[in-house]
Amino acid sequence: QVQLVESGGGLVQAGGSLRLSCAASGSIFSINSMGWYRQAPGKQRELVALATSDFNTAYVDSVKGRFTISRDNAKNTVYLQMNSLKPDDTAVYYCYAQIFGSSTRRYENYWGQGTQVTVSS
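Model, not experiment: these values are computed from the prediction.

Draft legend 1. Structural detail: the state of the cysteines. Evaluation of the coordinates by the stated rule reveals one disulfide. The side chain of cysteine 22 participates in a disulfide bridge whose partner is cysteine 95; the two sulfur atoms lie 2.0 Å from each other. Across the S-S bond linking cysteine 22 and cysteine 95, the dihedral sits near -80°, which makes this disulfide left-handed. Of the two residues, cysteine 22 sits in strand E3 (residues 18–26) while cysteine 95 sits in strand E9 (residues 91–101), which places them 73 residues apart along the sequence. We classify cysteine 22 as buried; its relative accessible area is 0%.

Draft legend 2. A look at the side chain of serine 21. Of note, serine 21 is situated in strand E3. Judged by relative accessible area, which is 17%, serine 21 ranks as buried. Apart from the residues within four sequence positions on either side, serine 21 is in contact with Val5, Glu6, Ser7, Trp36, Val78 and Tyr79.

The rules behind the values
- Residues numbered from 1 in each chain as written.
- Predicted model: local features only at pLDDT ≥ 70, side-chain atom pairs only at ≥ 80, totals over all residues.
- Heavy atoms only, no water.
- Disulfide = S-S within 2.5 Å.
- Helix = DSSP H or I, 4+ residues; strand = E, 2+ residues; numbered from the N terminus.
- Buried < 20%, exposed > 50% of the residue type's maximum accessible area, 1.4 Å probe, protein only.
- Contact = heavy atoms within 4.5 Å.

In structure tokens:
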């Protein structure tokens with residue numbers, strides 16, 4: 001079984017910073033993409049940032065220049081550094097990973113439990 005455990009959410013004032021972490025554990029052979037999605041109340045879940053195993057990255061336009069995604073492949077961990085936060089960034093942030101399981105022998109998509117980020121104006 002594979003688990004993604006997130007940490008780092010919270011309440012911050014506009015202009016502040018937060019760092020999210022997500023560690024994958026369990027029966028893992030390899031990890032392809034890791035990233036972060038978010039879902040605000042009444043809105044669809046959207047991709048925020050994605051990092052491939054060879055460290056290529058992609059961001060939604062609204063966070064470019066403010067958010068930075070990084071990975072530590074040795075620790076099966078992905079991070080999201082969020083700077084210059086805005087009230088529009090308020091959402092539940094979900095970690096995502098595409099993992100090749102040691103026991104399943106196939107790629108599957110996994111999600112974290114979600115962590116709340118609230119940015120006050």
